[in-house]
Amino acid sequence: MGEQREEKNPKKRICMGLLAHVDAGKTTFSEQLLYHTHSIQKLGRVDHKNSFLDTHEIERNRGITIFSDQAVFQYQNSEYYLIDTPGHIDFSAEMERVLQVLDYAVILISCVEGIQGHTQTIWNLLRKHQIPTFFFFNKIDRTGADVFRVLSEVRQKLTPNICYVTGNLSGKEMSQALAEEIAQQNDILLEEYLTNGYQPDIWLQTAKQAILDGELFPCMSGSALQDIGIQEFLESFDLLTDTTYHTVEQQPFAGRVYKVRHDGQNNRIVYIKVLQGQLRVKNFVDTFSNNQITTEKINEIRIYNGTKYHQVTMVSSGNICAVTGLSTVKPGDSIGKQLKQTVCEAVPMLTSKVLYPTEIHPKTMLKYLQILEDEEPMLEVSWSELFQEIQVKIMGKMQLEILQEVILERFGIQVCFGECRILYRETIVSPIYGYGHFEPLRHYAEVHLHLSPAKRGSGIQFQSHCSTDILGQQIQNLIRTHVFEKQHKGILLGMPLTDVMITLLNGRAHIKHTEGGDFREAVYRAIRQGLEQADNLILEPYYRFEIEVNSNDMGKVLSDIQKRHGCFEPPMIVGERAIIIGRGPVACLMDYPADLIHLTRGTGMIQLSFDGYESCYNPEEVIEQIGYDKVRDLENVSDSVFCSHGSGFVVKWQQVEDYLHCEKVAFEG
């Protein structure tokens, strides 16, 4: 840690993220970038356990990146923030949260293995977030490396709009071949080329804009381990990139949270990207989290470089920094000017119970786990009254292994985990009305909702078709908050409700007796009452898989996939190998990698990636296995409470419509 100071104003600030399938060489590549820019004096190596960014003991022992860490380097009077992201599917949520603060992304692809399963997932996410992207084809020194095969794969599987940059762009000059290749992808540039020939300034500006617009993706190649092509990459990347943060420095401050950690003194450290304006120590800022605005003070601003940091008094647009003083925000939230909240596509697919020493009180264990949940929101730590156990949600079994090591390291507690259970979800098949009324003595609220199926993967959505003459805007905002403040459960399994549009139609408050919590009760009961009448559907998570086996093993594998309720595209035969791409239920495929190794005598390879939720193939069996009793779930009740002769009484959900105070409103939407 150094003295406090204000950051200098560089020519440009760029946050670049390194992304790849596991073992493509990201960490080695980042070491070379830092070494070439004199940010580190000695090259580290993953296998030597001394790399600059993989500093955590767990990462070094396993030789993979698990936590996204950042480094800062200067190049050509520009300031770069480099973020190395995890490559394993189990930590894809950590990777995805980084995307929301990137200016540019660099995808590394091994020239030996080529495009792998997680590469496709990364590409799809980058295109969804519209992040300008470069490719670096790594490991050209390895036996079996083929740059032109990888170029062909990228054109076929990802995008045809690529240009292969060889050498460097010294003095802004491109080779004739590269100039022609870029011109062929731009009609205006092609006409200019045919008329006046290659003009460096025009080509450079056009290429920069095409990269920003997602219309051109430069590709370079080399070997990070052997320091081949790294300097050329740096020169080309610096020349072909640009940002405009200097134009928004005087605008109101706005920032995005992308990570939360706790330091050795248990200070809560919030990592943010400054998107516009400036932020100073002791500033009071509005934070927007869980649909609520809170004002908090910035106590400290840090600029991290690996594990070390220095304090600064002010940061400007384009800076990546960490602050103390914010207690409520989580990754994806906005600070300052309210921004649209981001939704992570990666979702937990499994749940497991935590087995901890009996001498530790459940509340103590919950407190420790909630600290980890603060850093990794996907864990969704909870206490199950039904099973009398602490549960966590995860992406895969490796995440449990890492969690076990982290708990031992951070809190000195040896834990184990129970058998992984599939994290199902529930939705509805057709529209339905839901009514909720809450009127014990001196309380009053009634809510009428319309529940309708929404697009798969859209989650819970809310809209209002209720006049503010009936329910004021403040109450409608309160109802919206109650819709989103908890995870509503379905009635078949007690699993999270998803893919439902909830529309507010009608309601009533009492000028004297309505209090804040009354509408919470009415909303919860209205949603639940609607589900009781609905045609409910169980959803289960699916994997997308890519399997590569010897051709003579293909028949056995295809038969296996069908037995596991999967489907696949026509296999592709490449030499003596067969490539099978398809999808299937996580429940049937999560243990298949080990089975495939046994089936193919160690020659088969499989890549799995999350591929959304689909209808459960065995709902009756799952309902029986989980044994959810909706009547015993007292936190999710379907009945309403009405008042008569000064006392409240419960009305079963089947009869609620007969007792309603508001007129029922028909809705088609």
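First, a word on scope: everything that follows refers to the structure included in this document.

Reading the values: the criteria
- Residues numbered from 1 in each chain as written.
- Predicted model: local features only at pLDDT ≥ 70, side-chain atom pairs only at ≥ 80, totals over all residues.
- Heavy atoms only, no water.
- Salt bridge = Lys/Arg side-chain N within 4 Å of Asp/Glu carboxyl O.
- Helix = DSSP H or I, 4+ residues; strand = E, 2+ residues; numbered from the N terminus.
- Buried < 20%, exposed > 50% of the residue type's maximum accessible area, 1.4 Å probe, protein only.
- 1 Å grid on protein atoms, 1.4 Å probe; cavity = no way out; pocket = protein on both sides within 12 Å on 5 of 7 lines; lining within 4 Å.
- Points joined across faces, edges and corners; volume = space filled by probe spheres on them.
- Nonpolar A, V, L, I, M, F, W, Y, C, P; charged D, E, K, R; others polar.
- Disulfide = S-S within 2.5 Å.
- Axes fitted to C-alpha atoms, helices over the stretch in contact; angles between N-to-C directions.
- Parallel < 35°, antiparallel > 145°, perpendicular 65-115°, else oblique.
- Left-handed = near helix turned anticlockwise from the far one by under 90°.
- Contact = heavy atoms within 4.5 Å.
- Lys, Arg positive; Asp, Glu negative; His and termini not counted.
- Polar contact = N/O pair within 3.5 Å; in protein donor to acceptor, adjacent residues only side chain to side chain.
- Pairing = 2+ DSSP bridges.

1. A look at the pattern of salt bridges
Any two side chains of opposite charge can pair, given that their charged atoms come close.
Moving on, step 1. In the structure shown here, the tally under the stated rule is 33 salt bridges.
Moving on, step 2. Among the ionic pairs, E389 bridges to R421, the shortest N-O distance being 3.0 Å. Of this pair, E389 sits in strand β20 (residues 389–394) while R421 sits in strand β22 (residues 421–422), and the two are 32 residues apart along the sequence.
Moving on, step 3. Between K397 and D591 there is a salt bridge whose closest N-O contact spans 2.8 Å. Pair noted here: K397 is in helix α11 (residues 397–411) and D591 is in the loop between α15 (586–589) and α16 (592–599), with a separation of 194 residues, a long-range link.
Moving on, step 4. When its relative accessible area of 40% is taken as the criterion, K397 is described as partly exposed.
Moving on, step 5. With relative accessibility at 39%, the residue D591 sits in the partly exposed group.
Moving on, step 6. One connected set of salt bridges, linked through shared partners, spans E94, R97, R261 and E376.

2. Details of the layout of surface pockets
Moving on, step 1. Put simply, the second largest pocket is a space of about 1200 Å³.
Moving on, step 2. For the second largest pocket, the lining is made up of 41 residues, of which H21, E546, M605, I606 and Q607 are closest to its centre.
Moving on, step 3. Among the elements that take part in the lining of the second largest pocket, helix α5 (residues 147–157) stands out by supplying five residues, more than any other.
Moving on, step 4. Grouping the amino acids of the lining of the second largest pocket by side-chain chemistry returns 18 nonpolar, eleven polar and twelve charged.

3. Examining the state of the cysteines
Linking two cysteines covalently through their sulfur atoms gives a disulfide.
Moving on, step 1. Applying the stated criterion across every chain, the model contains zero disulfides.
Moving on, step 2. Left unpaired, C163 is separated from the closest cysteine sulfur, that of C219, by 6.7 Å.
Moving on, step 3. C567 forms no disulfide, and the closest cysteine sulfur to it belongs to C588, at a distance of 12 Å.

4. Remarks on unusual backbone geometry
Moving on, step 1. Of note in this structure, H38 is not a glycine but carries a positive phi near 65°.
Moving on, step 2. Here H38 is to be found in the loop between α1 (26–36) and α2 (57–62).
Moving on, step 3. We classify H38 as exposed; its relative accessible area is 66%.
Moving on, step 4. If you check the backbone angles, Q130 has positive phi at about 55° while not being a glycine.
Moving on, step 5. Within the fold, Q130 resides in the loop between α4 (117–128) and β6 (133–138).

5. Remarks on the packing of helix α12 (residues 473–484) against helix α13 (residues 516–533)
Moving on, step 1. Packing of α12 against α13 leaves a shortest axis separation of 9 Å and a crossing angle of 55°. For the element pair α12 / α13, the angle class is oblique. With respect to the hand of their crossing, α12 and α13 are arranged in right-handed fashion. The residues of α13 that touch α12, namely those facing I475, L478, I479, H482 and V483, are G516, F519, R520, V523 and Y524.

6. With respect to the side chain of D518
Moving on, step 1. Mapped onto the elements of the fold, D518 is located in helix α13.
Moving on, step 2. No salt bridge is formed by the buried D518, whose closest oppositely charged neighbour, R520, lies at an N-O distance of 8.3 Å.
Moving on, step 3. A polar contact of 2.8 Å, which involves the side chain of D518, links it to the side chain of H443.
Moving on, step 4. Looking at D518, its side chain comes within polar contact range of the main-chain nitrogen of E515, at 2.8 Å.

7. Describing the sheet that holds strand β3 (residues 69–75)
Moving on, step 1. Reading across from one edge, β3-β4-β2-β5-β6-β8-β7 is the order of the seven strands in this open sheet, with mixed pairing throughout. Each edge of the open sheet carries a strand with a single partner, namely β3 and β7 (162–164). If you compare each strand with its neighbour and ignore which way they point, the axes differ by 25° on average.
Moving on, step 2. Relative to strand β8 (residues 217–221), β7 is paired through three bridges, and the arrangement is parallel. What sits directly across from I162, in β8, is F217.
Moving on, step 3. In the packing of α5 onto the sheet, contacts are made with β5 (104–110), β6, β7 and β8, and the angle to β7 comes to roughly 170°.

By themselves, these observations are geometric and do not establish any function.
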